[in-house]
Amino acid sequence: MPIEIKPSDKVIEIGPGGGPKTYSDILIEKYIDFHGHRGNKPLYIDRPLLEHPTDIIPFRDKTFDYSLAYHVLEHTENPEIFLRELQRISKAGIIETPSVICELLYGSNQHKLLCWFDEEKKRFMICLKDFSKWYYQVDFRGVFNFNFHYSEFMTNMFVPGI
């Protein structure tokens, strides 16, 4: 189910790195000076940017039409809080993570988590990369009761656009 973002929509992008989407209005970046999470690319700043080091996002409920989190979830310390915050601040969202196969074969040592969506059970599956700890197996409808899109990519490189 593709999401169509209109020019009038208010969009926040979390962790845009060196390639923010053209339609995002506000950027949140955890590391302004550290380039390791961006493939050593410098941060690209051409619109309002907030440096924010935690998973709690400092905006009021439903401030945004869309939250974008491309290749961010696998870096989070507390995925449950991060996912709930995305739902809280926005009406809809897009989350993209590396595929499990790609992550296990070629993944970055900076990625803490494996993330996938079980289509049959409609549950998010999130665990440490060595499978030693499961954060949760959350019902898709329980955490995301809004228009939500999730995708996995088979490459470990940043794939622009939706």
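Right above here is the structure, for reference.
A few points on the structure. (Residues numbered from 1 in each chain as written. Predicted model: local features only at pLDDT ≥ 70, side-chain atom pairs only at ≥ 80, totals over all residues. Heavy atoms only, no water.)

Here we look at the packing of aromatic side chains
Thinking step 1. Under the counting rule described, the total for this entry stands at two aromatic pairs.
Thinking step 2. Here Phe59 and Phe64 contribute two aromatic rings whose centre-to-centre distance is 5.0 Å and whose plane-to-plane angle is 80 degrees, an arrangement assigned as edge-to-face.
Thinking step 3. Phe59 gets classed as partly exposed once you look at its relative accessible area, which sits at 22%.
Thinking step 4. Relative to Trp134, the ring of Trp116 has its centre 5.7 Å away and its plane inclined at 75 degrees; by these criteria the two rings are edge-to-face. (Phe/Tyr/Trp six-rings, centres within 6.5 Å; stacked < 30°, edge-to-face > 60°. Buried < 20%, exposed > 50% of the residue type's maximum accessible area, 1.4 Å probe, protein only.)

Here we look at unusual backbone geometry
Thinking step 1. The backbone phi angle of His71 is positive, close to 55 degrees, even though this residue is not glycine.
Thinking step 2. Even without being glycine, Phe131 reaches a positive phi, approximately 65 degrees.
Thinking step 3. Tracing the sequence through the fold places Phe131 in the loop between strand S7 (123–128) and strand S8 (134–139). (Helix = DSSP H or I, 4+ residues; strand = E, 2+ residues; numbered from the N terminus.)

Things to note about the pairing of strand S2 (residues 26–29)
Residues in a regular strand point their side chains to alternate faces of the sheet.
Thinking step 1. Side-chain alternation along S2 places Ile26 and Ile28 on one buried face and Leu27 and Glu29 on a second face that is also buried.
Thinking step 2. Here strand S1 (residues 11–14) pairs with S2 via three bridges, running parallel. Across the sheet, Ile14 pairs through a bridge with Ile28, a residue of S2.
Thinking step 3. For S2 and strand S3 (residues 49–51), the ladder comprises three bridges, and the chain directions are parallel. In the strand pairing of S3, Ile28 is matched with Leu50. (Pairing = 2+ DSSP bridges.)

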